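# Survey of secondary and tertiary structure
For reference, the chains in residue letters:
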Amino acid sequence: MKRPENRIKKNKKFLKAFSLGFFKAFILLFLFYRSVILSLVLALIYGIVNIKFYKKKCLEEWRWQMNLEFREVMTAVSSALNAGYSVENSFKEARADLLLLYGSNSIMAKELDKINSKIMLNQPLEIVLREFAQYCQVEDISNFAEVFQTAKRTGGNLIEVARSTANKISSKIETSREIRTMTAGKKMEGKIMSVIPLAIIIYFWASSPGFLDSLYTLKGRPVMTVLLIFYIVAFKWSERIGDIFV
């Protein structure tokens, strides 16, 4: 059962996601429709939807951090196996190494506690790792669980399996970081470009009051709706272009 303080913290994060989504949507809708009531209603809907986007973003960040820490676990497991530890004990040693690197807030350290507890209850390690892979839904961890299960059954080289897994994850992480660095500038340019149409509307409101009044009438609203759809599609497209997965 979750602790009350953790639940409160999560609720605060969801409230922040709702408020941020509501504020952004209200500003955008008011600029395109200049109607407080319509903007409020649609912004409330988007605020609720934005919580779902926030959850998805948090899950992606959690999986990225899990992959980072799992790489260190594999390195530690490989070293422990080289030192003569059994496979089961090598995961206990990996937890100690992980705490030195990431501290008590380590995500993987908490998962290793669960894994080691199951091992102490004499559950087969390959089954424990398979359940862990199904839980976290991370590709590299799932691949390792499958290879480990096969190696354990056929008497394969577990040290090499752990080492090659760590090297593979390291390579993917470095490639992802390079891509993020190269696309960071373009993403910033995309965000700046997305503000320009809104700035133009505000400029006309300030410099030429009444110039856009015809677009806020009953006949002009469909035109603004089409323009809003084009704007949203262009904005989402610019975000998607920078999302490159390895």
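Residues numbered from 1 in each chain as written. Predicted model: local features only at pLDDT ≥ 70, side-chain atom pairs only at ≥ 80, totals over all residues. Heavy atoms only, no water.

### Regarding the packing of aromatic side chains
Summed over all chains, the structure comprises 13 aromatic pairs. Measuring from centroid to centroid gives 5.9 Å for Phe30 and Trp205, while their planes differ by 90 degrees, and the two rings are edge-to-face. Taken together, the positions of Phe30 in helix 1 (residues 4-33) and Trp205 in helix 7 (residues 158-207) put the pair 175 residues apart, joining distant regions of the chain. Here the aromatic rings of Tyr46 and Phe53 are separated by 6.4 Å at their centres, their planes lie at 55 degrees, and the arrangement is tilted. The exposure class of Phe53 is partly exposed, given its relative accessible area of 38%. Ring-pair connections join several aromatic residues into one group, and the members of that group are Phe18, Phe22, Phe26, Phe30, Trp205 and Tyr216. Lying across the ring of Phe53, Lys236 places its NZ or CZ 5.3 Å from the centre. (Phe/Tyr/Trp six-rings, centres within 6.5 Å; stacked < 30°, edge-to-face > 60°. Helix = DSSP H or I, 4+ residues; strand = E, 2+ residues; numbered from the N terminus. Buried < 20%, exposed > 50% of the residue type's maximum accessible area, 1.4 Å probe, protein only. Lys NZ or Arg CZ within 6 Å of the ring centre and 35° of its normal.)

### With respect to the side chain of Ser106
Mapped onto the fold, Ser106 is located in the loop between helix 3 (87-102) and helix 4 (107-120). Reaching out from Ser106, the side chain makes a polar contact with the backbone nitrogen of Ala109 at a distance of 3.1 Å. When neighbours within four sequence positions are excluded, Ser106 is seen to be in contact with Glu69 and Leu98. (Polar contact = N/O pair within 3.5 Å; in protein donor to acceptor, adjacent residues only side chain to side chain. Contact = heavy atoms within 4.5 Å.)

Coordinates in, geometry out; function isn't part of it.
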